[in-house]
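Per-entry structural report
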Amino acid sequence: MAKLIYSAIASLDGYVADEEGNFDWAAPDEEVHAFVNDLERPVGTYLYGRRMYDVMAFWETAHTLADESPVFKDFTEIWQAADKIVFSKTLESVSTSKTRLEREFDPAAIRELKASQGRDISVGGPELAAVAIKAGLVDECHLLLTPILVGGGNPAFPNDVRVQLELLDERRFGNGVVHLHYRTRT
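To keep things clear, this report deals only with the structure shown in the data block. (Residues numbered from 1 in each chain as written. Predicted model: local features only at pLDDT ≥ 70, side-chain atom pairs only at ≥ 80, totals over all residues. Heavy atoms only, no water.)

**With respect to the pairing of strand S4 (residues 83-87)**
What counts here: Each residue's exposure class comes from its accessible area (1.4 Å probe, protein chains only) as a fraction of the maximum for that residue type: buried when under 20%, exposed when over 50%, partly exposed otherwise. By definition, any uninterrupted DSSP run of H or I lasting at least four residues is a helix, any uninterrupted run of E lasting at least two residues is a strand, and each is numbered from the N terminus. Any two strands are treated as partners once DSSP identifies two or more bridges connecting them.
For S4, the tally of buried residues reaches 4 of 5 residues, placing the bulk of the element in the interior. Examined bridge by bridge, strand S3 (residues 43-49) and S4 share 5 bridges and lie parallel to one another. Bridging from a neighbouring strand, Leu-47 pairs with Ile-85 of S4. As paired strands, S4 and strand S5 (residues 99-102) are joined by 4 bridges and run parallel to one another. For Ile-85, the partnering residue across the bridge sits in S5 and is Arg-100.

So, in structure tokens, the structure goes:
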């Protein structure tokens, strides 16, 4: 059975984007990016809402950019190899390969997907993750905390849910980023 994993890069005060919607402060350096690649390597399917899909669709053509690092190229290959499901009521079509569009996020269908998959599933973006967390679908969380306070914006986790977590691992990086890996308790 596949695990459903939520991963986020967030400010120390818990935001994935600031009040203006900026998240350039969250761009990982080579060390952190290589670590993220290893976290993402077991993922067979990405679940996205429209906004996260719009951001991540960049990786469909990232291989055409010149002079990118091996770490960058590695993530491009990881992302392109995975299936993607985009949940949106307004998106007319998808522009990336191995991608299907769904109008509704159906927790029962995600439970079936978890049961039928041999590889992990990743839910991307805090809004879709909030729906999955509230439905009790998220098995693990990876949080990469960036050493910055942004004072407000788009929170990494929903405010109206309570979930017990068990710390599985932690790691500190040279640039001050801290990785926390949790399993949800039921």
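**What to know about the nonpolar core**
Which entries qualify depends on this criterion: Nonpolar cores were defined as sets of buried Ala, Val, Leu, Ile, Met, Phe, Trp, Tyr and Cys residues, with membership established by side-chain atoms within 4.5 Å. Here, two residues are considered to be in contact whenever any of their heavy atoms come within 4.5 Å of each other.
In this structure, Leu-4, Tyr-6, Leu-47, Phe-105, Val-123 and Val-138 are the most contacted members of the largest nonpolar core, which totals 25 residues. Mapped onto this core, the elements with two or more residues apiece are strand S1 (4-11), S4, helix H4 (107-116), strand S6 (120-124), helix H5 (126-134) and strand S7 (140-146). Non-local contacts of Val-123, meaning those with residues more than four positions away in its chain, are made with Leu-4, Ile-5, Tyr-6, Ser-7, Leu-47, Leu-128, Ala-129 and Val-138. Counting 15 residues, the second-largest nonpolar core is a separate cluster that includes Tyr-48, Trp-59, Phe-72 and Val-86.

**Considering the environment of Leu-143**
Its location among the elements puts Leu-143 in strand S7. A relative accessible area of 12% means that Leu-143 is categorised as buried. Here the alpha-carbon distance between Leu-143 and Ile-85, two residues 58 residues apart in the chain, equals 22 Å. Among residues more than four places away in sequence, those in contact with Leu-143 are Ala-8, Ala-10, Phe-157, Val-178, His-179 and Leu-180.

**A look at unusual backbone geometry**
At Asp-67, a residue that is not glycine, the phi angle is positive and equals roughly 60°. For Asp-67, the location among the structural elements is in the loop between helix H2 (50-56) and helix H3 (70-81). For Asp-67, a relative accessible area of 80% translates into the label exposed.

**Some words on H4**
Basically, it comes down to this: This arc describes the spread of directions from the helix axis toward the C-beta atoms. The definition of a polar contact used here is a pair of N or O atoms within 3.5 Å, where within protein one atom must be able to donate a hydrogen and the other to accept one, and adjacent residues in sequence count solely through side-chain atom pairs.
Here H4 has its buried residues at Ile-110, Leu-113 and Lys-114. Mapping the buried residues of H4 onto a view down its axis gives an arc of 100°, with all of them on the same face. Facing away from the buried side of H4, by more than 90 degrees, are the exposed residues Glu-112, Ala-115 and Ser-116. Looking at the packing, one finds that the buried side of H4 touches S1, S3, S4 and S6. The residue sitting at the N-terminus of H4 and contributing the capping side-chain oxygen is Asp-106; that oxygen lies 3.1 Å from the backbone nitrogen of Ala-108.

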